[in-house]
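Residues per chain are reported as follows:
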Amino acid sequence: MLVNIVKGLVAASLCPVRSCLLQSTRNTFVLKRRFPPNLYKKNQTPGKLCGRHYVYDMVDDTTITKKPNLEVVLTAFVEGVGSKGDVVSLKPNIAYNKLLLPGLAVYKTPESVAKYATVKDEKDKEVHSSAYVQATVNKLESLILAVVMNKDHPWKIEPWHIKATLRKAGYYVPEHAITLPETPNIGPDLLKQNREFYCTITINNLEKARVRCRIHHWSTEPSDRLPYVFEHWKQNSEPLFGDNGTPVPTQS
């Protein structure tokens, strides 16, 4: 008898505890009767429903239905989205979390469109030529371009050299948008090997991005090539020009 009582207490203590805090979800299911009941006349007693009348077919399930985009009005410039006063259409979760909650946008209404419309004077003072230009500037400034120059023949770095190097990296930049340092960069000069200089790229005639470039000498003759350096862009590099544009001597 005592053994049975102990077993009962142990079993009761090992039962899983169910939480009472169950959060409800907002779901809507649109159903349709597979066998609709017969209609009845006015003042007539409705007939009883049979079991087949309780068979339903699913018409719509809102939990899996794709929600339409939400239109909002930007109250400030948002990188990659738009400028102040622009009406943008985004996915609901992005619009809520990234724009509405931080206060960077409001719901689209005639009043909000008129309130946050960018006036002409503010457009003249706009410092961004497009919504995606800052992301482009950040991407360019994170690059380290390896400008490969001939080791056996004289050369002078010109904008088309940088253009070709950017094209190999997956960026198309016209020559007129590339600005090199005022001091001519002439070679071959092994003292300039892996030394770094900056070139300026102008985007939409407004924004400027400073791109890091490193000189690498290359020879068509395999026996004259310099030793291969693994992941050379991760190594420290000495500047080729100072802040005033004058060449920096090599440190011994």
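Reading guide: rules and limits
- Residues numbered from 1 in each chain as written.
- Predicted model: local features only at pLDDT ≥ 70, side-chain atom pairs only at ≥ 80, totals over all residues.
- Heavy atoms only, no water.
- UniProt positions renumbered as here; feature names shortened; annotations may be inferred.
- Pairing = 2+ DSSP bridges.
- Helix = DSSP H or I, 4+ residues; strand = E, 2+ residues; numbered from the N terminus.
- Axes fitted to C-alpha atoms, helices over the stretch in contact; angles between N-to-C directions.
- Core = buried A, V, L, I, M, F, W, Y, C linked by side-chain atoms within 4.5 Å.
- Buried < 20%, exposed > 50% of the residue type's maximum accessible area, 1.4 Å probe, protein only.
- Contact = heavy atoms within 4.5 Å.
- Phe/Tyr/Trp six-rings, centres within 6.5 Å; stacked < 30°, edge-to-face > 60°.
- Lys NZ or Arg CZ within 6 Å of the ring centre and 35° of its normal.
- Arc of directions from axis to C-beta.
- Salt bridge = Lys/Arg side-chain N within 4 Å of Asp/Glu carboxyl O.

An unreviewed UniProt entry lists the chain under the name Large ribosomal subunit protein bL9m, from Anopheles sinensis. A UniProt comment under Subcellular location (unreviewed entry) is attached to the chain, and it reads "Mitochondrion". The UniProt entry for the chain carries the following text under Sequence similarities (unreviewed entry): "Belongs to the bacterial ribosomal protein bL9 family."

1. Details of the sheet that holds strand β4 (residues 87–90)
The three strands lie next to each other as β4-β3-β5, forming an open sheet whose pairing is antiparallel. With one partner strand each, in any of the chains shown, β4 and β5 (105–107) form the two edges of the open sheet. When the angles between neighbouring strand axes are averaged without regard to direction, this sheet yields 40 degrees. Across four bridges, strand β3 (residues 70–74) lies against β4 in antiparallel orientation. What sits directly across from E71, in β4, is S89.

2. Remarks on the nonpolar core
If you look at the biggest cluster of nonpolar residues, it comprises 24 residues, and the most contacted ones within it are I157, I162, L166 and F197. For this core, the secondary-structure elements that each account for two or more residues are α5 (133–141), β6 (144–150), α6 (159–168), β10 (196–203) and β11 (207–218). Setting aside its immediate chain neighbours within four residues, L166 contacts L143, L145, Y171, V173, I178 and I201. Grouped together as the second largest cluster of nonpolar side chains are nine residues, L70, V88, A95 and A105 included.

3. Considerations on the packing of aromatic side chains
The way to describe two aromatic rings as a pair is by their centre distance and the angle between their planes. According to the stated counting rule, one finds zero aromatic pairs in the structure shown. One Lys or Arg, R210, reaches over the ring of Y198 and ends 4.0 Å from the middle of that ring.

4. A short note on α6
Since there are 3.6 residues in each turn of an α-helix, residues three or four apart along the chain are aligned in direction. Along α6, the positions that sit buried rather than exposed are H161, I162, T165 and L166. Buried residues of α6, viewed axially, fall in a sector of 130 degrees; they line one side. Those residues of α6 that are buried are in contact with β6, β7 (155–156), β8 (178–179), β10 and β11. Trailing α6 by a residue or two, G170 shows a phi angle of about 100 degrees, which is positive.

5. Concerning the environment of V78
Here V78 is to be found in the loop between β3 and β4. Taking relative accessible area as the criterion, V78 reaches 12% and is therefore assigned buried. Distance from V78 to Y132, taken between C-alpha atoms, is 9.2 Å for residues 54 residues apart in sequence. Those residues within four positions of V78 in sequence are excluded, and the remaining contacts are L99, L104 and A131.

6. Section: the pattern of salt bridges
Here the structure, examined in full by the defined rule, presents four salt bridges. The salt bridge partner of E71 is K108, with a shortest N-O separation of 3.0 Å. Taken together, the residues E71 in strand β3 and K108 in the loop between β5 and α3 (110–115) connect sequence positions 37 residues apart. The class for K108 is partly exposed, based on a relative accessible area of 42%. For E196, the salt bridge is made with R212, and the minimal N-O distance between the two is 3.1 Å. Residue E196 is located in strand β10, and its partner R212 is located in strand β11; the two are separated by 16 residues in the primary sequence. Looking at R212, the relative accessible area reads 25%, which means it is partly exposed. Salt bridges sharing common partners tie together E196, R212 and R214.

7. A look at the sheet that holds β6
In a beta sheet, neighbouring strands pair by backbone hydrogen bonds and run either parallel or antiparallel. Spatially, β6-β11-β10-β8 is the arrangement adopted by the four strands of the open sheet, whose pairing is mixed. For this open sheet the edge positions go to β6 and β8, each flanked by a neighbour on one side alone. Here β6 runs beside β11; their pairing, made up of seven bridges, is parallel. The residue bridging A146 from the neighbouring strand is R214, located in β11. Across the face of the sheet, α5 comes into contact with β10 and β11 while running at roughly 25 degrees to β11. Relative to β6, α6 is tilted by about 125 degrees, and along the sheet it contacts β6, β8, β10 and β11.

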